[in-house]
Amino acid sequence: MNPQANLIFITSLLLGTTITISSNHWIMAWTGLEINTLAILPLISKSHHPRAIEAATKYFLTQAAASALVLFSSMTNAWHTGQWDITQLTHPTSCLILTSAIAMKLGLVPFHFWFPEVLQGSPLTTGLILSTAMKLPPMTLLYMTSSSLNPTLLTILAILSAALGGWMGLNQTQIRKILAFSSISHLGWMAIILIYNPKLTLLNFYLYAVMTTAVFLTLNTTKVLKLSTLLTAWTKAPSLNTMLLLTLLSLAGLPPLTGFLPKWLIIQELTKQDMAPAATLISLLSLLSLFFYLRLAYCTTITLPPHTTNHMKQWRTHKPTSTAIAILTTVSVMLLPASPMILTIV
């Protein structure tokens, strides 16, 4: 793609995100979401492969439907209450429609079907933007309207997302699809705590974004797209693959690593809110996703493929690892001891 065109699309993404997260009026928030959708479409379809075109079409149709629902929800609220302010969403029907619209934007179950397909059809860098930056504006809208939303509906969506995100990722061999189901599972954790402690939702989102960025950038460096390639990628950059192993375990939420922090805080908060059964259920469901993270981790650092394949071992690259990957993987692995300081900031 032409660098100037690329720059325009990336700038438009930043502009759309900034408009949405800084607006008070529903129409401005909707405008930001639309700019975002239109700016990401050329980045998804730039390879001109039929799968990429299909991914861009699916993404456009889903996001257009979700944006229409956001507009419909805000207009219904304005009709009944006379308020266009985002924080003044009080009408029950509007809250219900908005929850469905944002669930569709984010890829929460049962509106999740588009997300794995779109991620599979996109390049790794675009997949990274779809998994992190594109989820920030809808998350902000959820954060601003959290006091008005229906707790039962959000809890049901969250538990279904954690269950299906883990369950459907079990038999995948394409890494982008595995990361898509991982994202759906993490969204479940964010949605369940939204009503009770919205700041925890944001903290979970930020840490998830850091860990996912580290994984995507590492995979982009080693040019790995499926498990069979990952099996022989250890020869290319052994130290980078070791850090990828730790980052994947952090995404799974294992204790000494950063990913354990949001899960620990969310379980603690749910228990305080007398929601111990929900906390137990979502913790058990996260074991499903732990399985495919462990499988990825196993494939990352295994020294020989488990079957006799004709794969050529890849040449070791002597290129230095980029500073961004070094910083992100370090943060993804070592932030847990700093949790008291993070809690004072939050």
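Residues numbered from 1 in each chain as written. Predicted model: local features only at pLDDT ≥ 70, side-chain atom pairs only at ≥ 80, totals over all residues. Heavy atoms only, no water.

An unreviewed UniProt entry lists the protein chain under the name NADH-ubiquinone oxidoreductase chain 2, from Pheucticus melanocephalus. Per UniProt, the protein chain has the following entry under Sequence similarities (unreviewed entry): "Belongs to the complex I subunit 2 family." (UniProt positions renumbered as here; feature names shortened; annotations may be inferred.)

J.: What's the story with the overall build of the protein chain in this structure? I'm lost.
T.: Each helix and strand counted, the protein chain has 16 helices and zero strands in total. Taken against the 2.2 N^0.38 rule, which gives 20 Å for 346 residues, the C-alpha radius of gyration of the protein chain at 20 Å falls within 12% of a compact globule. With the principal axes as the frame, the protein chain shows a C-alpha extent of 65 × 50 × 35 Å. For the protein chain, with 346 residues in total, the buried portion stands at 54%. Across the protein chain, every contact between residues at least 6 apart in sequence was considered, and the portion connecting residues at least 24 apart equals 78%. (Helix = DSSP H or I, 4+ residues; strand = E, 2+ residues; numbered from the N terminus. Rg over C-alpha atoms; globule rule 2.2 N^0.38 Å. Buried < 20%, exposed > 50% of the residue type's maximum accessible area, 1.4 Å probe, protein only. Contact = heavy atoms within 4.5 Å.)

J.: Quick question: what am I supposed to make of the packing of helix α8 (residues 151-168) against helix α9 (residues 175-193) here?
T.: When two helices pack together, you describe them by how their axes are tilted relative to each other and by the distance separating the axes. Closest axis-to-axis distance for the α8/α9 pair is 7 Å, and the angle between their directions is 155°. Between α8 and α9, the angle is such that the two are roughly antiparallel. Along this stretch, α8 crosses α9, giving a crossing that reads as left-handed. Contact residues: Leu154, Thr155, Ala158, Ile159, Ser161, Ala162, Leu164, Gly165, Gly166 and Met168 in α8; Phe181, Ile184, Ser185, Gly188, Ala191 and Ile192 in α9. (Axes fitted to C-alpha atoms, helices over the stretch in contact; angles between N-to-C directions. Parallel < 35°, antiparallel > 145°, perpendicular 65-115°, else oblique. Left-handed = near helix turned anticlockwise from the far one by under 90°.)

J.: Quick question: what am I supposed to make of unusual backbone geometry here?
T.: If a residue is not glycine, its phi is most likely negative; likewise, a peptide bond is most likely trans. With omega at 5°, the peptide bond leading from Val109 into Pro110 counts as cis. By secondary structure assignment, the location of Pro110 is in the loop between α4 (92-106) and α5 (114-121). One non-glycine residue, His48, lies in positive phi territory at about 60°. Position of His48 among the secondary structure elements: in the loop between α2 (26-44) and α3 (50-81). Unusually for a residue other than glycine, Lys223 sits at a positive phi of about 55°. Among the secondary structure elements, Lys223 is positioned in the loop between α10 (198-222) and α11 (227-230). Taking the relative accessible area as the measure of exposure, Lys223 reaches 56% and is therefore exposed.

J.: Is there a simple way to think about the packing of aromatic side chains in this case?
T.: For the structure shown, the criterion picks out five aromatic pairs. Ring centres 5.6 Å apart and planes at 65° place the aromatic pair Tyr59 and Trp114 in the edge-to-face group. Of the two residues, Tyr59 is situated in helix α3 and Trp114 in helix α5; the sequence distance between them amounts to 55 residues. Residue Tyr59 is classed as buried on the basis of its relative accessible area of 2%. Members of the aromatic cluster, connected to one another through ring pairs, are Tyr59, Trp114 and Phe115. Here the guanidinium or amino end of Lys135 rests over the ring plane of Phe115, the centre of that ring lying 3.9 Å away. A cation over a ring is seen here: Lys263 above Trp189, with NZ or CZ 5.1 Å from the ring centre. (Phe/Tyr/Trp six-rings, centres within 6.5 Å; stacked < 30°, edge-to-face > 60°. Lys NZ or Arg CZ within 6 Å of the ring centre and 35° of its normal.)

J.: Hey, could you run me through helix α6 (residues 124-131) in this one?
T.: At 3.6 residues per turn, the α-helix brings residues three or four places apart onto the same side. Buried residues dominate α6, accounting for seven of its eight residues. Of the residues making up α6, those classed as buried are Leu124, Thr126, Gly127, Leu128, Ile129, Leu130 and Ser131. The elements touched by buried residues of α6 are α1 (3-22), α2, α3, α5, α9 and α10.

J.: Whenever I open this one, the pattern of salt bridges confuses me. Can you help?
T.: Opposite charge on two side chains makes pairing possible when the charged atoms of those side chains draw close. Across all of its chains, the model carries three salt bridges by this definition. Salt-bridge contacts for Glu54 lead to Lys58; the nearest nitrogen and oxygen are separated by 2.7 Å. Of this pair, Glu54 and Lys58 both sit in helix α3, four residues apart, which is roughly one turn of the helix. On the accessibility criterion, Glu54 (39% relative accessible area) is partly exposed. (Salt bridge = Lys/Arg side-chain N within 4 Å of Asp/Glu carboxyl O.)

J.: What should I look at first to understand the nonpolar core in this one?
T.: Where a protein is soluble and globular, its nonpolar side chains tend to be buried together. In terms of nonpolar packing, the biggest core is built from 91 residues, with Ile40, Tyr59, Ile192, Leu219 and Leu230 touching the most fellow members. Element by element, the count of residues in this core is highest for α9, at twelve residues. When residues of this core are assigned to domains, at least three fall in each of domain 1 (1-149) and domain 2 (150-345). Non-local contacts of Ile40, meaning those with residues more than four positions away in its chain, are made with Leu13, Tyr59, Thr126, Ile129, Leu130 and Met134. (Core = buried A, V, L, I, M, F, W, Y, C linked by side-chain atoms within 4.5 Å. Domains from an automatic or database assignment.)

J.: I keep staring at the environment of Ser67 and nothing clicks. Help me out?
T.: Positionally, Ser67 belongs in helix α3. Here Ser67 falls in the buried class, since its relative accessible area comes to 1%. Through-space distance from the C-alpha of Ser67 to that of Ser23 is 16 Å; in sequence the pair is 44 residues apart. When residues no more than four places from it in sequence are discounted, the contact partners of Ser67 are Trp30, Leu33, Glu34 and Lys105. Only 3.0 Å separates the side chain of Ser67 from the side chain of Lys105, close enough to count as a polar contact. (Polar contact = N/O pair within 3.5 Å; in protein donor to acceptor, adjacent residues only side chain to side chain.)

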